Amino acid sequence: MNIHEYQAKEILRSFGVPVPAGKVVHSAEEAGGVTYQDFVQKGIETVVLKSQIHAGGRGKGTFRSSASGAPIEHAGKPLRGVNVISGGNIADKAYQLANAMQGNTLVTVQTGEAGKVVRRFLVEEGLNIASEFYLSILLDRQTSRNIIMASTEGGVEIETVAEETPEKIIRETIDPNTGFQAFQARRLAFALGLQGKAFKSFIAFITKLVHAYEAMDCSMLEINPLVLTAENEIIALDAKVNFDDNALFRHRNYAELRDLDEEEPLEIEASKYDLNYIKLDGNVGCMVNGAGLAMATMDIIQLAGGEPANFLDVGGGANVERISNAFRIMLSDKNVKAVLINIFGGIVRCDRVANGIVQAMQQVQVDLPVIVRLDGTNAVEARQILQDSGLRFSVAETLQDAADKVNEAISTLAVA
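Here is a short report on the structure shown in this document.

Each value, and the rule that gives it
- Residues numbered from 1 in each chain as written.
- Predicted model: local features only at pLDDT ≥ 70, side-chain atom pairs only at ≥ 80, totals over all residues.
- Heavy atoms only, no water.
- Helix = DSSP H or I, 4+ residues; strand = E, 2+ residues; numbered from the N terminus.
- Polar contact = N/O pair within 3.5 Å; in protein donor to acceptor, adjacent residues only side chain to side chain.
- Contact = heavy atoms within 4.5 Å.
- Axes fitted to C-alpha atoms, helices over the stretch in contact; angles between N-to-C directions.
- Parallel < 35°, antiparallel > 145°, perpendicular 65-115°, else oblique.
- Left-handed = near helix turned anticlockwise from the far one by under 90°.
- Nonpolar A, V, L, I, M, F, W, Y, C, P; charged D, E, K, R; others polar.
- Pairing = 2+ DSSP bridges.
- Salt bridge = Lys/Arg side-chain N within 4 Å of Asp/Glu carboxyl O.
- Buried < 20%, exposed > 50% of the residue type's maximum accessible area, 1.4 Å probe, protein only.

**As for the side chain of S65**
At step 1: Locating S65 in the fold gives a position in the loop between β3 (62–64) and β4 (73–74).
At step 2: Within the local environment of S65, its side chain forms a polar contact with the backbone nitrogen of A67, the two atoms lying 3.1 Å apart.
At step 3: If we skip the residues at most four places from it in the chain, S65 touches A70, I72 and N104.

This is how it looks when you write it as C-alpha cells:
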C-alpha cells in the first residue's frame, strides 16, 4: 500500500526522523493561509508548494487542464508539480500557484500520459541545501534480507544511476540475526563523504530511519533527495513509503491512510473480492491462477502479437463467484478485445474450474473471443465440459496453442 509524501513524513516525524516543517492543505485558500500563519509570521521567507500524488518525478512534471487538456503555464513557463516560492508576498504566490494546480492533471515520468489529478498540496519550509543524496531501505529478494542503498546522486532516478553510474550506488545488507550495526552506519556516512557534524547527523538519521522501516513493516522506504543543509543537518526532503500489505493487520492506523482517489477504480473493485488485479494498457484480458503463471501468460500474449490488458491472479480457489467477478471486472475495461483464461489445476481441479467458467459466462454477458487453456488435474474432463457447454469458447491444450489462438483472435479483430 502506498501513501502520500505528507503522510510518510508525519509518520517518520513520530519516529524522530528529521523532516522539514510542513502542513497539508486541500485548497488554494488553505495554501495561502498556512503559508502566512505558519511561515511568514515566523520569519520564514521561502516555502515549497508540492503536489501530492502517488507518483515520482513531480518536480519535472507539467500540468494540463483536466477540462480541456491544454498545457498550463505560470509566469510564462510550464507549471510544475513542485514550486519553490520566495521573494515578495509568498502567501499570495502560494495561493496563485495552488489555484492554478488544484483539480488539474499532473503528468510525470511515472504517471504516463494519463497523469493524475492533484487534489491536495504540502506547504513546506524551504531549506538552505548544501548537498543532495539518495537513500532507501527495501527487501532484497535475492538474499531475503533488508538492504540499504545510498548514493551521492540525490534527486535522480535510482534506475538511471544504476544504469549509467552503478559504481555510485552504495549497499549495506542488514543481517536479521544481528540487526543494523553502528559500523554499517559509519561506513555509509564515509561513503557519502560526510565529516564532522554532518557525519554525526547522518548516523543519528539512518539509525532512526532503519528503526522506523522495521517498526512500520515497510516493503520500501525511499528518501530522495536526502539533503545536507548549510547548517550540516541531514533532513529527509522527500519520503516515499510502501507498506507490506500482508502486515497491515498489525497497523490498522496505517491502513486508514489509503487514498482511493489515487488508485485505479477497477483495482479497487477487484480488491473487494480478494482478486489480485492490476490494470495495464493492452487489449487482451488474462485470467490466471498463480502470479508466476500470470507473468508467463502475459509473455505469451506479447509473443502472440497482443498486449496484456491486465494482471489478474484469481488464486487457488477459482470458484464460480471469483471467476464471475473476474470476468465482470476484466470486461469493464473498454480496451479489452479478447480474453485468455490460463488455469493450472494443482490445488483446484480443472473440471471444477471448467464448471465455474461455464456458470460464470451464463451470468456475465461476454461478447468477446474467449480462449481457455486448462492443464493439470482432470484437464481432459475439463476441456470436454467446455466443449459440451454450447458456449463460445476456443479451447487450447498447450501454451503454444493458446498463443496461436490469441494471435488468431487479435488478427481477426485487426481486420474487422
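**With respect to the packing of helix α2 (residues 28–39) against helix α3 (residues 90–101)**
At step 1: The interhelical angle for the contact between α2 and α3, taken along N-to-C directions, is 160 degrees, at an axis separation of 8 Å. The orientation of α2 relative to α3 falls into the category roughly antiparallel. When the axes of α2 and α3 are compared, the crossing they make is right-handed. Taking contact as the criterion, the partners of A28, E29, A31, G32, T35 and Y36 in α2 are, on α3, I90, A91, A94, Y95, A98 and N99.
At step 2: Here the residues of the contact of α2 with α3 sort into eight nonpolar, three polar and one charged.

**So, the sheet that holds strand β2 (residues 46–51)**
At step 1: One open sheet holds the four strands; their spatial order is β1-β9-β2-β6, and the pairing between them is antiparallel. Of all strands in the sheet, those with a lone pairing partner are β1 (22–25) and β6 (82–86), marking the two edges. Neighbour to neighbour, the strand axes of the sheet diverge by 20 degrees on average, direction disregarded.
At step 2: Direction of pairing for β2 relative to β6: antiparallel, over a ladder of five bridges. Bridging from a neighbouring strand, L49 pairs with N83 of β6.
At step 3: Along the sheet face, α3 touches β2, β6 and β9 (121–125) and points at about 160 degrees away from the line of β6.

**Here we look at the pattern of salt bridges**
At step 1: Within this structure, the stated rule accounts for 21 salt bridges.
At step 2: A salt bridge links K168 to E153; the shortest N-O distance between them is 3.5 Å. Linking K168 in the loop between α4 (158–164) and β12 (169–173) with E153 in the loop between β11 (145–151) and α4, this pair joins segments that are 15 residues apart in sequence.
At step 3: For E153, a relative accessible area of 25% corresponds to the partly exposed category.
At step 4: We note a salt bridge from R373 to D375, for which the minimum N-O separation is 3.2 Å.
At step 5: By relative accessible area, which is 9% here, R373 ends up buried.
At step 6: The network of salt bridges with common partners includes E5, K9, K50, R58, E124 and D238.

**Thoughts on the sheet that holds β3**
At step 1: Pairing in this open sheet of three strands is antiparallel, and the strands run β3-β7-β8 from one edge to the other. Both edges of this open sheet fall to β3 and β8 (116–117), since each of them pairs with a single strand only.
At step 2: With two bridges joining them, strand β7 (residues 105–107) and β8 adopt antiparallel strand pairing. Looking at β8, one finds that L106 is bridged to K116.

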